[in-house]
Amino acid sequence: MRAGQAEPLLRRLDEVRRGFAVLEGRRDAVARRAATLREKVAAAKGRLEAKPEVDALLEEMQEAGHRRTLGSYEAMLSAIAQDVLGPGIAIRLSLSTERGLPSLDIEAEQDGARCSVLDGCGGSLNNVVSAGLRAIATMKSGLRPFLALDEADCWIRPGRVHLFCHVLRRLSERIGMQTLAVSHHDVSSLGGAIAIVGLEARRDGVAAVVQAEGPAWPDEATRGIRSIRLVNFGSIRDATIPLGPGVTAITGENNIGKSRFIRALRCVFYGGPEGGDGDIRHGQKQAEVEIALEHGRRLLWSRRPGRNPVTLWTLFERDGSVAEWKGGACRTGGRLPPDWLREALGFGRVDEMDLQVSRQAAPVFLLGETPSRRASILSLGRESGYLRGMIERHRQNCGEDSALVRQGEAELAALEREAALLDAVLSSRPDLGSLRQIAEGADALAREADAIAAKAEATEAREGEISAASAALGSMVEHLRTAEAKPAGAGAALAAAKTAQGLSARIALATKGEASLSAAVAACALLPADAPALPDAASALAAEAALRRAEARMLGIEQARVALRPLPPTLPVPPNAKGAEAMAALLTQGMEEAHATGVALREAASAVATLEREREEALAEMDVCPVCGGGLLAMAGAA
C-alpha cells in the first residue's frame, strides 16, 4: 500500500458506519411502531370481546325507548281510526331489529285478529292511517308543521268525510298542525270549524271564493302560511287562496285546478322535476307562485324559460327588500331549492321523502315502505336519536376494530420479521473503530516507507559524490604520508618556498617603505631645528615580524581549505546494507576530522583577521608623525 491509498478505504468505512446508523434508526422505529400497534390491537380485541354485551345493552335501551314512543303513536292512530271508521279498530305498531336497525310493522287489530293495514284492510283505513302517519312524521322531522293533502279522503265514504275533517281539525288544535286539504267531496257542513275556499270557473279564469271562514290568526308573528297565490301557473291566470291557522279545504268541480295549488307547493318546496315549462300558462313567458308568511314576508318562486337561471327562489321582507340568511341574500336560482328554504322557512324533504305535500296519485304514506324505513321516517330513531347514533357508531367501531386486528396482526408479523433481520445484520457488525485504526496505521506505515525510499534514492544519488570525496581524502592522506616519509627534503623545500615568499614580501614592503621614507624625509625638512628625537623603533620591527608570521599561517590555512573543498557539508545516510556499515564508520570519522579542521580554519580566520587589524594599526602608526601626530604624506604634499 502506498501513501494516500487508505483514503478511499476510510471514506468507505464512514459510509458503512452511516449505513449501520440508519439501520439502527430503522430498528428503533420498527420497535416503536410494533409497540404502538400491539397496544391498538389489544384494545381492539378487548372491544370486540365486549361487542355482544354492548349490542344487547343498546338494543334493550332502544326497545325500551321505542316502546314508550310507540305507545303514544298507537293511541293517536287508533283514536283517528275509531273517530272516522267506528269503534272496534286498533292500530298496532310492532318494533323489531333488522340488521341492527329498528324495523316497524304497522297492523290493524279487530276482534283479536291482526292484519297489515296496507294489504289486509280497506282504502278508508289506509287514508286515515296515512294522514296520521304523515302528521307524526312531519312533527318529528323538525320541519314547519304544515300539511298539504291532495284527495287524502278519496277512499272514505262521503258520509264519513266530515269525520275525517274533524280528525284533521283536532290534530291542528292539539299539535299545532296547519293543513291544506283538497277534496272533491261536499264539506260545506263543516263551515265554521274549518275554512273552506271554492274554486269557480269564470270568463277571465279560475277564481278562488271563500265559502266559509275558519279560525283567525291571533297575530302576524304566529308561524304559518297566510295565503298562496298562483300567477300564470297551469290553467290558473291569477288566483289567491287564504289560509287560516287550522284546516283549510279547497273544493270545486273536477278538473278546475284544485290540484294546481298542491302542484305549485311541490314546485316551491322540492324543485327538480316537480317544476317545468309545462307549468307555465299557455301564451305566457313566466309562471309565479307567491306564498305569504308570518311577519309580512313573501316567498316568491318563478320560472321563466330563456332566463339564467330559469327557476328562481326569492324571500322578501315586509318592505320589499330581499331577506338575508347567515350573511347571504335569500335569492337563489337553480334546479334544486336553496338550503335557506329548509333552514329558514322549514320547507323540504326528509330522507328523500315528501312529508309536507302529498300527491293525488299516491295517497298512501309510509305503509308501502320497508319496515326499517318506516321506523326512520317516523323518527323512532330520532326519538332515541342519540341512542341510534351510538348503535351506528358502535357498528362502525366494531368494523374498524375487526379491520384493525386483521391488518394490525399482519403488519406486526411483517415488523417482527424486519426486526429479526435488522438484529441479525447489526449483531454481525464489525468493529469499525478498530478497522479505521488499522487503516490509519497502514497509511502511516506507507508514508514512512515512502519517506525511507526517498532517502534511499537520495543516498544512492550521492554515493558518487561520497566516492569522489573518499578518493580525494585518500589522495590527501597518501600525500601526507609521503611528506612525513621525507621530512628533510620537504622541510628544505618548504623553507625555500617560505624564504622566496618572504623576499617577495620584503621587496614590496621596501618599495612601499622607500616611498614612505621619501615622503617622511621631505616632511622632516619642514620640522623645526629643535624637533624632538624619534622614539625607539623596536615596536615597529616587532609588528613587522608578527605580520610575516601571520602571512605564513594564512598560506597554510588556504592550502588546507582548497584540499577539503570537495567534501560534502553533511554525510549522506548509506543504504541498509551490511557492506556500507564500514564505509559509514569511516565517513563518520572523516566527518569528525573535517569538523575539527573546520573549527581550526575558523580559529585561523579569526587570528588572521586580528593580525590584519594589527597590521593596519601598525601601518597607520608608521604613517603618522610621532611629533605632531599628522600624516607624513599629507605634510609632504603641502610642502
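Trainee: For the overall build of the chain, give the residues involved together with the corresponding values.
Mentor: A tally of regular secondary structure across the chain gives 15 helices and 16 strands. Burial statistics for the chain: of 639 residues in total, 33% are counted as buried. Counting contacts in the chain only where the partners sit at least 6 residues apart, residues at least 24 apart contribute 64% of the total. Surface summary for the chain: the accessible area is close to 35900 Å², and the carbon and sulfur share equals 55%.

Trainee: Describe the confidence of the model for the chain, listing the residues and the values that go with them.
Mentor: With 70% of its residues at a pLDDT of 70 or more, the chain has an overall mean of 78. Taken together, the stretch residues 571-580 has pLDDT below 50 and engages in twelve contacts with residues farther than four places along the chain or on a different chain.

Trainee: Outline the sheet that holds strand β2 (residues 101-110), listing residues and values.
Mentor: An order of β1-β2-β3 is seen for the three strands of this open sheet, with the pairing classed as antiparallel. Either end of the sheet is taken by a strand with one partner, and the two such strands are β1 (90-98) and β3 (113-116). Between one strand axis and the next, the sheet turns by 40° as a mean value, whatever way the strands run.

Trainee: Which residues make up the packing of aromatic side chains, and what values do they have?
Mentor: Evaluation of the coordinates by the stated rule reveals four aromatic pairs. Look at F146 and F269: their rings are 6.4 Å apart centre to centre, the planes differ by 85°, and that puts the pair in the edge-to-face class. Linking F146 in strand β4 (residues 146-150) with F269 in helix α6 (residues 258-270), this pair joins segments that are 123 residues apart in sequence. Neither residue differs from the other here; F146 and F269 are each classed as buried. The class for F269 is buried, based on a relative accessible area of 1%. A connected cluster of aromatic rings, assembled from ring pairs, spans F146, F269, Y270 and F347. Over the face of the ring belonging to W217 we find R226, whose NZ or CZ atom lies 4.0 Å from the ring centre.

Trainee: Please set out the nonpolar core residue by residue, giving values where relevant.
Mentor: Counting residues in hydrophobic clusters, the biggest one holds 41 residues, and the most contacted among them are F261, L265, F269, I291 and L299. The biggest single contributor to this core is α6, with eight residues. Setting aside its immediate chain neighbours within four residues, F261 contacts L199, I228, L230, I236, A239, I241 and I250. Within the second largest apolar cluster, 26 residues are counted, among which are I89, V117, L143 and A375.

Trainee: Can you explain the pattern of salt bridges? Please cite residues and give values.
Mentor: If you walk through the whole model with that rule in mind, you get 32 salt bridges. Of the charged contacts, one joins R33 and E411 as a salt bridge, the two residues approaching to 2.9 Å between their closest N and O atoms. With R33 in helix α1 (residues 6-49) and E411 in helix α10 (residues 385-427), the pair connects residues that are 378 residues apart, well separated along the chain. Here R395 makes a salt bridge to E392, at a shortest N to O gap of 3.7 Å.

Trainee: Which residues make up helix α4 (residues 123-141), and what values go with them?
Mentor: Look at α4: 26 Å from first C-alpha to last across 19 residues, which is about the 27 Å you get at 1.5 Å a residue. Burial analysis of α4 places 15 of its 19 residues in the buried class, the great majority of the element.

Trainee: Account for the pairing of β3, with residues named and values stated.
Mentor: In this sheet, β3 lies alongside β2 in antiparallel orientation, the contact comprising four bridges. Bridge pairing in β3 places A108 opposite C115. Between β2 and the antiparallel strand that follows it, β3, lie two residues; D111 among them carries a positive phi value of about 60°.

Trainee: Got a sec to walk through the sheet that holds strand β5 (residues 178-182)? Specific residues and values, please.
Mentor: Pairing within the open sheet is mixed, and its five strands lie in the order β4-β5-β10-β6-β7. Each edge of the sheet is formed by a strand with only one pairing partner; in this case those strands are β4 and β7 (205-212). Across the sheet, the mean angle separating the axes of adjacent strands is 20° when strand polarity is ignored. Of the pairings in the sheet, the one linking strand β6 (residues 195-202) to strand β10 (residues 247-252) comprises five bridges and is parallel in character. Counterpart to G198 in the pairing with β10 is T251. Across the sheet, helix α5 (residues 158-175) touches β4, β5 and β10, and the angle it forms with β10 is around 150°.

Trainee: Break down the side chain of D279 for me, citing the residues and quoting the values.
Mentor: Tracing the sequence through the fold places D279 in the loop between α6 and β11 (287-292). Excluding its chain neighbours within four sequence positions, the residues that come into contact with D279 are N232, F233, G234, R260, R263, C267, E274 and A287.

Trainee: Give a detailed account of the state of the cysteines, specifying residues and quantitative values.
Mentor: Here the structure, examined in full by the defined rule, presents zero disulfides. We note that C115 lacks a disulfide partner, and the nearest cysteine sulfur, in C121, lies 3.4 Å from it. The exposure class of C115 is partly exposed, given its relative accessible area of 26%.

Trainee: Mind laying out α5, listing which residues take part and the relevant values?
Mentor: Side chains that are three or four residues apart share a direction in an α-helix, a result of its 3.6 residues per turn. Spanning 18 residues, α5 covers 26 Å between terminal C-alpha atoms, matching the ideal 26 Å at 1.5 Å per step. Buried within α5 are the following residues: V161, F164, C165, V167, L168, L171 and S172. Buried positions in α5, seen along its axis, are confined to an arc of 155° and lie on one side of it. In α5, the exposed residues that point more than 90 degrees away from the buried face are G159, E173 and R174. Note on α5: the residue one or two positions beyond its end, G176, has a positive phi of about 70°.

Trainee: Residues and numbers for the environment of Q284, please.
Mentor: Examined against the element boundaries, Q284 turns out to sit in the loop between α6 and β11. Judged by relative accessible area, Q284 falls into the partly exposed class, the value being 40%. Linking Q284 and F233, residues 51 residues apart in sequence, is a C-alpha distance of 9.3 Å.

Trainee: So what's going on with the packing of α4 against α5? Residues and values would help.
Mentor: One can describe the packing of α4 onto α5 by two numbers: an axis separation of 11 Å at closest approach and a directional angle of 15°. Judged by the inter-axis angle, α4 sits roughly parallel to α5. Along this stretch, α4 crosses α5, giving a crossing that reads as right-handed. Contacts between α4 and α5 involve N127, V128, A131, A135 and M139 from the first element and F164, L171 and I175 from the second. Residues of the contact of α4 with α5, tallied by class, amount to seven nonpolar, one polar and no charged.

Trainee: Report on the pairing of β11, specifying residues and quantitative values.
Mentor: On a regular strand, one side chain projects to one face of the sheet and the next to the other, so that they alternate. Where strand β8 (residues 227-233) lies against β11, five bridges are found, and the strand directions are antiparallel. Within β11, the position partnered with R229 by the bridge is E290. Looking at chain direction, β11 and strand β12 (residues 298-303) are connected through six bridges and run antiparallel. Residue pairing across strands places I291 opposite L299, the latter belonging to β12. Connecting the antiparallel pair β11 and β12 is a turn made up of five residues, with H295 showing a positive phi of about 65°.

How each quantity is defined
Residues numbered from 1 in each chain as written. Predicted model: local features only at pLDDT ≥ 70, side-chain atom pairs only at ≥ 80, totals over all residues. Heavy atoms only, no water. Helix = DSSP H or I, 4+ residues; strand = E, 2+ residues; numbered from the N terminus. Buried < 20%, exposed > 50% of the residue type's maximum accessible area, 1.4 Å probe, protein only. Contact = heavy atoms within 4.5 Å. Areas by Shrake-Rupley, 256 points an atom, 1.4 Å probe, with all protein chains shown as cover. pLDDT = per-residue confidence, 0-100. Pairing = 2+ DSSP bridges. Axes fitted to C-alpha atoms, helices over the stretch in contact; angles between N-to-C directions. Phe/Tyr/Trp six-rings, centres within 6.5 Å; stacked < 30°, edge-to-face > 60°. Lys NZ or Arg CZ within 6 Å of the ring centre and 35° of its normal. Core = buried A, V, L, I, M, F, W, Y, C linked by side-chain atoms within 4.5 Å. Salt bridge = Lys/Arg side-chain N within 4 Å of Asp/Glu carboxyl O. Expected span 1.5 Å × (residues − 1). Disulfide = S-S within 2.5 Å. Arc of directions from axis to C-beta. Parallel < 35°, antiparallel > 145°, perpendicular 65-115°, else oblique. Left-handed = near helix turned anticlockwise from the far one by under 90°. Nonpolar A, V, L, I, M, F, W, Y, C, P; charged D, E, K, R; others polar.

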